[in-house]
Amino acid sequence: MAGKVVTITSGKGGVGKTTTTANLGTALAVQGLKVAVVDADIGLRNLDVVLGLENRIVYDLVDVVEGRARLRQALIKDKRYPELCLLPAAQTRDKHAVNADQMAELCRQLAQDFDFVLIDSPAGIEQGFRNAIAGANQVLIVTNPEVSAVRDADRIIGLVEAAELGAPRLIVNRVKPTMIKQGNMMSVQDVLDILAIGLIGVVPEDELVTISTNRGEAVVFDNYSRAGLAFHNIARRLLGQNVPFLPLEEPAKLSWFARLFGLGESKR
Amino acid sequence: MSLSGDGRKKEDITIKGTASGLLIRLRDEADASDLEELLLELETRLQQGARFFRNAPISVDLGRRELQPAELEALQDLLVRYEMRLESLVSGANATRSAARQVGLPIRLPSLANTHAPTPPETDNAGPGLPFDSAEALLVRRTLRSGQVIEHHSDICLIGDVNPGAEVIAGGSIMVWGMLRGTVSAGVVAEKVKNAIICAIYFNPAQLRIGDLLTRGPELKVQPEMQPEMALVREGRIVVEPWTRHKF
């Protein structure tokens, strides 16, 4: 049975598409699935850096499309989970090096070997975005609780619906509960009121994300990270499990204790 | 290797398929037509196969012909009219290369795989069949940023830094007078592998290749000391050594 191709996109840049792709991919691999993450941001690649695999790149997506390398040669195994593979983007080319048909074909091939194929979309609504959704079975929209990000997400949702890729699902990233409480930030509900699509995850702002990104490791390995926990939950929801949403308030001081005794929300 | 062999009829324009698309070669020898005529002839050829050429990635080898920016634009216009994608110009002439830079066209230097030897001088001493410009090392005075590539069929000397995501590809050796953090490939030309080295004042490449050998930068981001180092092939492996020990 062919695997599922999931594109992670946002419209606006800097909302956390790459972080989400890297962590979701890792979390799915932790669940024992075969996962390929594909960097569709040709010319501005990042996913390799976030996963700490930059120095292993020999061939890239464009090499595969243009026939200089076989798909298998270009895939890079993750350091910890060999079931997780990265197909890196080319850095020296641009979005026009690949067209939507080629991308769709690539996704089809990957889906034969992997349970999940996660596509990290570039920002924007042009060729790069078109390529990124070309082979998708499902689209996840990442946004932040900010008017500009939500506006762009709305635009993207329109385009995804027009492309008849089924209902996209929403990840609200970098949520700051204290700011929401003070009335200084849109709440998740405010965002949902505007976008009106199904929610698949809420990821709280977390300094540990910055730290792990700089180290080239996924934050899902950090047992203390609430963002990491949120990504694990999104992975499980992608698998069809019914996982309750995390309370946004921070019971953080208690949580390590709870986890020690297997209480609270288990991770795996 | 020479396609302009003496016995054959000399065509001013040859079009052939390569691994990276079509290569149009405009002959540069003294007896070839001038550019205006060449472009007319090229147009005729393109007309004949318009459907075949549409959307094809094209490289144009200009040999050592010296072109002005306006002439390059004329060439580009022609290709655009036939809906061809100009991937790169190959030129062995400095004047043409700087004209291309002005016009904003991607240029490549001739390489062994993708160029023809010049008409041999009368006193052909039957040396190894090196391409023209074989002695020409490339001196670059700039910083290479992510996504930028410098490719040259011979040695490259770069004054500046090579940032992560940037690439230096040389037929021979690479010397970086600055910080090396990107990807470097030396010894791409088979004859030059043996003596290929890579050296830098601060040596911390993401990946380095000499010929067919490949090695990665350290996994843990330990900051190497700020001292010049050099990579070379010894007993079939890439080794990196501090510069101080070397005497040539």
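Preceding this paragraph is the structure being described.
Residues numbered from 1 in each chain as written. Chains lettered and ligands numbered in written order. Predicted model: local features only at pLDDT ≥ 70, side-chain atom pairs only at ≥ 80, totals over all residues. Heavy atoms only, no water.

Just to check I follow, could you spell out the overall build of chain A for this structure?
Helices and strands together make up the secondary structure of chain A, namely 12 helices and eight strands. Each of the 268 residues in chain A was classed as buried or not, and the buried ones make up 56%. Taking the contacts inside chain A whose residues are at least 6 apart along the sequence as the reference set, 74% of them involve residues at least 24 apart. Accessible surface for chain A amounts to roughly 11800 Å². Of this, 50% is attributable to carbon and sulfur atoms. (Helix = DSSP H or I, 4+ residues; strand = E, 2+ residues; numbered from the N terminus. Buried < 20%, exposed > 50% of the residue type's maximum accessible area, 1.4 Å probe, protein only. Contact = heavy atoms within 4.5 Å. Areas by Shrake-Rupley, 256 points an atom, 1.4 Å probe, with all protein chains shown as cover.)

What is the right way to look at the interface of chain B and chain A in this model?
When the parts of a complex come together, some accessible area is lost, and that lost area is often taken as the interface size. Taken together, the contact pairs 15 residues of chain B with 10 residues of chain A. Both faces considered, chain B and chain A share a buried interface measuring about 1100 Å² in area, 39% of it formed by carbon and sulfur atoms. On the surface where chain B and chain A come into contact, there are one salt bridge. Here chain B is connected to chain A by three residue pairs in polar contact (both at pLDDT 80 or more). Elements with a minimum of two residues in the side of chain B that touches chain A: β13 (207-210) and β14 (213-216) of chain B. (Buried area = accessible area lost by both parts, 1.4 Å probe. Salt bridge = Lys/Arg side-chain N within 4 Å of Asp/Glu carboxyl O. Polar contact = N/O pair within 3.5 Å; in protein donor to acceptor, adjacent residues only side chain to side chain.)

I tried to follow the packing of aromatic side chains on my own but got confused; where do I start?
Residues and elements named next belong to chain A. Summed over the entire model, instances satisfying the criterion amount to one aromatic pair over all chains. Between Tyr-81 and Phe-221, the ring centres sit 5.9 Å apart and the planes meet at 5°, which makes this aromatic pair stacked. Here Tyr-81 is found in the loop between β3 (76-77) and β4 (84-87), whereas its partner Phe-221 is found in the loop between α10 (207-215) and α11 (226-238), with 140 residues between them in sequence. It is Lys-34 that lies over the ring of Phe-114; its NZ or CZ is 5.4 Å from the centre. (Phe/Tyr/Trp six-rings, centres within 6.5 Å; stacked < 30°, edge-to-face > 60°. Lys NZ or Arg CZ within 6 Å of the ring centre and 35° of its normal.)

Would you mind showing me how to read unusual backbone geometry here?
The phi torsion of most residues other than glycine is negative, and most of the peptide bonds are trans. A positive phi angle, close to 60°, is found at A:Arg174, a residue other than glycine. Despite not being glycine, B:Glu235 has its phi angle at roughly 50°, a positive value. For B:Glu235, a relative accessible area of 78% puts it in the exposed group.

Is there a simple way to explain the pairing of strand β1 (residues 13-18) of chain B in this structure?
Along any regular strand, the residues point their side chains to alternate faces of the sheet. Residue and element names in this part refer to chain B. Across six bridges, β1 lies against strand β2 (residues 21-26) in antiparallel orientation. Bridged to Ile-13 within β2 is Leu-26. From the end of β1 to the start of β2, which pair antiparallel, there are two residues. (Pairing = 2+ DSSP bridges.)

Got a minute to help me understand the sheet that holds strand β5 (residues 107-108) of chain B in this structure?
Picture the strands of a sheet paired through backbone hydrogen bonds; they go either parallel or antiparallel. Residues and elements named next belong to chain B. Strand order in the open sheet formed by five strands is β1-β2-β3-β4-β5, with mixed pairing between adjacent strands. Of all the strands in the sheet, the pair left with one neighbour each is β1 and β5. Sheet strands touched by helix α1 (residues 35-48): β1 and β2. Its angle to β1, the strand with the most contacts, is close to 55°. Sheet contacts for helix α3 (residues 69-81): β2, β3 (57-63) and β4 (85-91); angle to β3, the most-contacted strand, approximately 150°. (Axes fitted to C-alpha atoms, helices over the stretch in contact; angles between N-to-C directions.)

Can you help me understand the environment of A:Leu75 in this one?
All names here are of chain A. Here Leu-75 lies in the loop between α4 (71-74) and β3. Residues Leu-75 and Val-38, spaced 37 residues apart in sequence, show a C-alpha to C-alpha distance of 9.2 Å. Not counting the four nearest positions on each side in its chain, Leu-75 is found in contact with Cys-85, Leu-86, Leu-87, Leu-110 and Phe-114.

Before we go on, may I ask you to explain the sheet that holds strand β12 (residues 197-203) of chain B in this structure?
Residues and elements named next belong to chain B. Across the sheet, which stays open at both edges, the six strands sit in the order β6-β8-β10-β12-β15-β16 with mixed pairing between neighbours. Both edges of this open sheet fall to β6 (138-141) and β16 (237-242), since each of them pairs with a single strand only. Across the sheet, the axes of successive neighbouring strands diverge by a mean angle of 20°, strand direction being ignored. Sheet topology note: the β12/strand β15 (residues 229-234) ladder contains four bridges and is antiparallel. Bridging across to β15, Ile-197 finds its partner in Leu-232.

Can you help me understand the pattern of salt bridges in this one?
All names here are of chain A. One pass over the full model with this rule turns up 14 salt bridges over all chains. Between Arg-93 and Glu-66 there is a salt bridge, with the nearest N and O atoms lying 3.0 Å from each other. Linking Arg-93 in the loop between β4 and α5 (100-113) with Glu-66 in the loop between α3 (61-65) and α4, this pair joins segments that are 27 residues apart in sequence. For Arg-93, a relative accessible area of 24% puts it in the partly exposed group. Among the residues examined, Glu-66 registers a relative accessible area of 31% and is labelled partly exposed. Between Glu-105 and Arg-108 there is a salt bridge, with its nearest N and O atoms 2.8 Å apart. Taken together, the residues Glu-105 and Arg-108, both in helix α5 and three residues apart, mark about one turn of the helix.

Is there a simple way to explain the nonpolar core in this structure?
Within soluble globular proteins, side chains that are nonpolar tend to cluster in buried spots. Residue and element names in this part refer to chain A. Residues Leu-28, Val-35, Val-37, Phe-116, Leu-118 and Leu-140 are the most contacted members of the largest nonpolar core, which totals 39 residues. The element contributing the most residues to this core is α11, with seven residues. Setting aside its immediate chain neighbours within four residues, Leu-28 contacts Leu-33, Val-35, Phe-116, Leu-118, Ala-235, Leu-238 and Leu-239. (Core = buried A, V, L, I, M, F, W, Y, C linked by side-chain atoms within 4.5 Å.)

Where do I start with α1(B) in this structure?
An α-helical segment advances 3.6 residues per turn. Residues three or four places apart therefore align on the same side. All names here are of chain B. Along its 14 residues, α1 runs 20 Å from first to last C-alpha, staying within 8% of the 20 Å computed at 1.5 Å per residue. Buried within α1 we find Leu-35, Leu-38, Leu-39, Leu-42 and Leu-46. Projected down its long axis, α1 carries its buried residues within an arc of 95°, all on one side. Within α1, the exposed residues directed more than 90 degrees away from the buried face are Glu-36, Leu-40 and Gln-48. Contacts made by the buried residues of α1 are with β1, β2, α2 (50-53) and α3. (Expected span 1.5 Å × (residues − 1). Arc of directions from axis to C-beta.)

Is there a simple way to think about a positive patch on the surface in this case?
Residue and element names in this part refer to chain A. A contiguous patch of positive charge on the surface is contributed by Lys-34, Arg-70, Arg-72 and Lys-77. By the element assignment, Arg-70 lies in the loop between α3 and α4. Overall, Arg-70 belongs to the exposed group, its relative accessible area being 56%. (Patch = residues over 30% accessible without salt bridge, like charges linked within 9 Å, V, L, I, M, F, W, Y side chains within 5 Å. Lys, Arg positive; Asp, Glu negative; His and termini not counted. Charge placed at Lys NZ, Arg CZ, Asp CG, Glu CD.)

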